[in-house]
Amino acid sequence: MLERAIQLTYSHRIAFTRGVFSAGNATIADLVSACDDSPPHRVAVFVDQGLVKDDESLLTAIEGYFEANRDLFELGLEPCVLPGGEVCKTEWSFVPSLWEAMDEARLDRHSFVFVVGGGAILDLVGFAAATAHRGIRLIRFPTTTLSQGDGGVGVKNGVNFLGKKNWVGSFAVPFAVVNDFDFIDGLPTEFRREGIIEAIKVALIRDAAFFEWISENADELEKLESKALESLIERSAELHVDHIATCGDPFELGSARPLDFGHWAAHRLEQISNFDLTHGAAVAIGMALDLVYSRLVGILDGESCERILALMEKIGFATYSPCLHEVVDGKLAVLRGLEDFREHLGGELTITLIPEIGKKLEVHEMEEARVVEAMAELRTRSGG
């Protein structure tokens, strides 16, 4: 047998700015200066429809940016507008249409794909870019609190298939991620709030001091004050990237996925609700379920459990949905999420729980009777 080790080093670049597509903003130029190849670089740009449906000024700004930076970039075709939200990850026809657009733009492995939008469109376009020419350089421009602090700074792409979330996908480190806080300012209230739950999540598994900061700034975060929200996004993004870069399993070759604390139920709840539950709302409920479960089986003390749940509720997250008690074929549908989770990673079931704030614990079984008990407790807590 012949065996050789292959070692690769990736740079994961995250930038924070405002007005990234202003002609004089140097953020993108500074990032692209890391390239070995010479400009101008061919680019295809894909934009979330939700950002331009009532106002096309963003498209005008993007085209103006490329016109002002012709020495650095060559726009391969006009910016392409795509439906955002979960629908874009569920309809497979979007994938070949993206490949066709990249081909029309004459992109190659020295080109760039820019994608501007929420987490779903980042996943979709990221997957298409990772598979075209076996990988075209990708720059993500997340436009939601959820994607700026969590999913948009990760290394995963994916689309839904066979009725399963992210069943088809890839691991690909983006060339860069640019978080432009101007996008956050224009979000509806419920979407400005979404990313806070993922920040609480990463604080619970990695950084007790960050959890304390969130608790101390709960009033400002409840009101969605910009300064507090921006600080939260920056720290959340930093913790996510640190986890990916330093925990030894960035491409999830093992069976543990700590950053998905609360997600085994959340992914299932999204499907049960036909995606009426947003990802952030589903994650909040999934986290609440695992927190109460942990208390019931003696992993987490009652005071800490109540403190975390109260913080989530204060900031505006529900900790229960009737979808938790949806029954399919005589069984609670959410419990299928445990098998989906095991199957998605392979190997034995591995669920991350919280033994104390800032620490994580991996367990390999969940007592269904206790999960059901936790669900009932959350229903009572909600007044349902």
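As the structure is a computational prediction, the values presented were derived from the model and not from experiment.

Reading guide: rules and limits
Along every chain, residues carry numbers that run from 1 in the direction the sequence is written. Only residues with pLDDT of at least 70 get local features here, since the model is predicted, and only at 80 or more are side-chain atom pairs given and counted; chain-wide, interface and lining totals rely on the full set of residues. To obtain the side-chain values, all non-hydrogen atoms of the structure were used and water was disregarded. Points on a 1 Å grid over protein atoms alone make up a cavity when a 1.4 Å probe fits among them but cannot get out, and a pocket when they form an open set with protein on both sides within 12 Å along at least five of seven lines; lining residues each have an atom within 4 Å of a point. Grid points are joined across faces, edges and corners, and a volume is the space filled by probe spheres set on the points. Numbered from the N terminus, helices here are DSSP runs of H or I no shorter than four residues, and strands are runs of E no shorter than two. Residue type decides the class: Asp, Glu, Lys and Arg count as charged, Ala, Val, Leu, Ile, Met, Phe, Trp, Tyr, Cys and Pro as nonpolar, and the leftover types, Gly among them, as polar. Aromatic pairs are defined between Phe, Tyr and Trp rings, using the six-membered ring for Trp, whenever the two ring centres lie within 6.5 Å; interplanar angles under 30 degrees are classed as stacked, those over 60 as edge-to-face, and all others as tilted. For the exposure calls, accessible area comes from a 1.4 Å probe over protein chains only, and a residue counts as buried if that area is under 20% of its type's maximum, exposed if over 50%, partly exposed in between. Here the nonpolar core consists of buried residues drawn from Ala, Val, Leu, Ile, Met, Phe, Trp, Tyr and Cys, with membership extended through side-chain atoms lying within 4.5 Å. When checking whether two residues touch, look at their non-hydrogen atoms; a contact exists if any pair is within 4.5 Å. To estimate how far a helix should reach, multiply one less than its number of residues by 1.5 Å. Two strands are counted as paired when DSSP detects at least two bridges linking them.

A. Seen up close, the layout of surface pockets. In this model, the second largest pocket occupies a volume close to 620 Å³. Lining the second largest pocket we find 24 residues, and of these Tyr-10, Arg-137, Val-173, Pro-174 and Phe-175 sit closest to its centre. Taken together, the elements giving at least two residues each to the lining of the second largest pocket come down to α5 (119-131) and β6 (137-142). Of the residues in the lining of the second largest pocket, the class split is 12 nonpolar, 5 polar and 7 charged.

B. Region of interest: the packing of aromatic side chains. This model, assessed by the stated rule, comprises 16 aromatic pairs. Their ring planes at 25° and their centres at 6.0 Å tell us that Phe-16 and Phe-181 sit as a pair that is stacked. Residue Phe-16 is found in strand β1 (residues 14-17), and its partner Phe-181 is found in helix α7 (residues 181-185); the two are separated by 165 residues along the sequence. Looking at Phe-16, the relative accessible area reads 31%, which means it is partly exposed. Note on Phe-73 and Phe-114: the rings are 5.8 Å apart at their centroids and 80° apart in plane angle, and the pair reads as edge-to-face. Residue Phe-73 is found in strand β3 (residues 73-75), and its partner Phe-114 is found in strand β5 (residues 112-117); the two are separated by 41 residues along the sequence. Like Phe-73, the residue Phe-114 is buried in the burial classification.

C. Structural view of the nonpolar core. Ranked by internal contacts, the top residues of the largest apolar core, which has 69 residues, are Ile-200, Ile-214 and Trp-264. No other element matches helix α13 (residues 279-296), which puts 11 residues into this core. Sequence-distant contacts of Ile-200, defined by excluding residues within four places in its chain, comprise Phe-211, Ile-214, Met-287, Leu-311, Met-312 and Ile-315. Counting 28 residues, the second largest nonpolar core, distinct from the first, contains Ala-44, Leu-122, Leu-124 and Val-125.

D. Structural detail: empty space enclosed by the protein. Across all of its chains, the model carries 1 cavity of 30 Å³ or more by this definition. Its volume calculated, the largest cavity comes out at about 40 Å³. Taken together, Arg-257, Asp-260, Phe-261, Gly-262, His-263, Trp-264, Phe-341, Thr-350, Ile-351 and Thr-352 form the lining of the largest cavity. Secondary-structure elements contributing two or more residues to the lining of the largest cavity are α12 (263-272) and β12 (351-353). Taken together, the residues that form the lining of the largest cavity break down as 4 nonpolar, 4 polar and 2 charged.

E. Inspection of helix α8 (residues 189-206) at higher detail. In this model, α8 (18 residues) spans 27 Å end to end at C-alpha, consistent with the 26 Å of a helix rising 1.5 Å per residue. In terms of residue burial, α8 counts as a mostly covered element, since 14 of its 18 residues are buried.

F. Main features of the pairing of strand β9 (residues 176-180). With 5 of 5 residues buried, β9 is to be regarded as a mostly interior element. Side chains Ala-176, Val-178 and Asp-180 of β9 all project onto a buried face; the interleaved residues Val-177 and Asn-179 project onto the opposite face, where all are buried too. Relative to β9, β6 runs parallel, the two sharing 2 bridges. Paired with Arg-140 across the bridge in β9 is Val-177.

No statement about biological role is implied by the geometric values presented.
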